[in-house]
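The residues making up each chain are set out below.
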Amino acid sequence: MSWSGPEDVLLSTSLASYLDKKLLVLLRDGRKLLGILRSFDQFANVVLEGACDRVIVGDLYCDIPLGLYVIRGENVVLIGELDLEREELPAHMICVSAAEIKRAQRAERDATDLKGSMRKRMEFLDLD
């Protein structure tokens, strides 16, 4: 492949090289979206086709379908191409329904809240 000019270098470093490819998009709020990149602009606003929200809790995961999805660029932390040749998830991961993953998320959140409240109650002990 030969480069004809500096504009080709800019094109190769932009999202144009990811058009029509399956991507993983990590958002500021921690969500992980998968989908095929169909469009983007100078602000990194992106359009994913066949998008799904991958929710992972421990060894459980669920892909919640979203369809055609527009993501505002300021919410994007990372964009990466998925290798279609490789397995997406480790073998020990178990696919569950959306209702089951929501229950697992709630239980994880409750456990984290309880841990935080217990820590606050124990601050007076000064265990250091």
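Remember, predicted model here, so these are calculated numbers, not experimental data. (Residues numbered from 1 in each chain as written. Predicted model: local features only at pLDDT ≥ 70, side-chain atom pairs only at ≥ 80, totals over all residues. Heavy atoms only, no water.)

A. Looking closely at the overall build of the protein chain. When you go through the protein chain residue by residue, the secondary structure sums to 2 helices and 6 strands. In the protein chain, the order of α-helices and β-strands from amino to carboxyl end is α-β-β-β-β-β-β-α. Every one of the 128 residues in the protein chain was classed for burial, and the buried ones make up 23%. Within the protein chain, contacts between residues separated by at least 24 positions form 48% of all contacts whose residues are at least 6 apart in sequence. (Helix = DSSP H or I, 4+ residues; strand = E, 2+ residues; numbered from the N terminus. Buried < 20%, exposed > 50% of the residue type's maximum accessible area, 1.4 Å probe, protein only. Contact = heavy atoms within 4.5 Å.)

B. Structural view of the side chain of D53. Here D53 is to be found in strand 3 (residues 46–57). Although D53 is buried, it makes no salt bridge; R31 carries the closest opposite charge, 4.6 Å away. Setting aside anything within four residues of it in sequence, one finds D53 in contact with R31, K32, L33, C62, D63, I64 and L66. (Lys, Arg positive; Asp, Glu negative; His and termini not counted. Salt bridge = Lys/Arg side-chain N within 4 Å of Asp/Glu carboxyl O.)

C. Summary view of the environment of L26. Within the fold, L26 resides in strand 1 (residues 22–27). For L26, the residues in contact, after removing those within four places along its chain, are R31, K32, N75, V76, V77 and L78.

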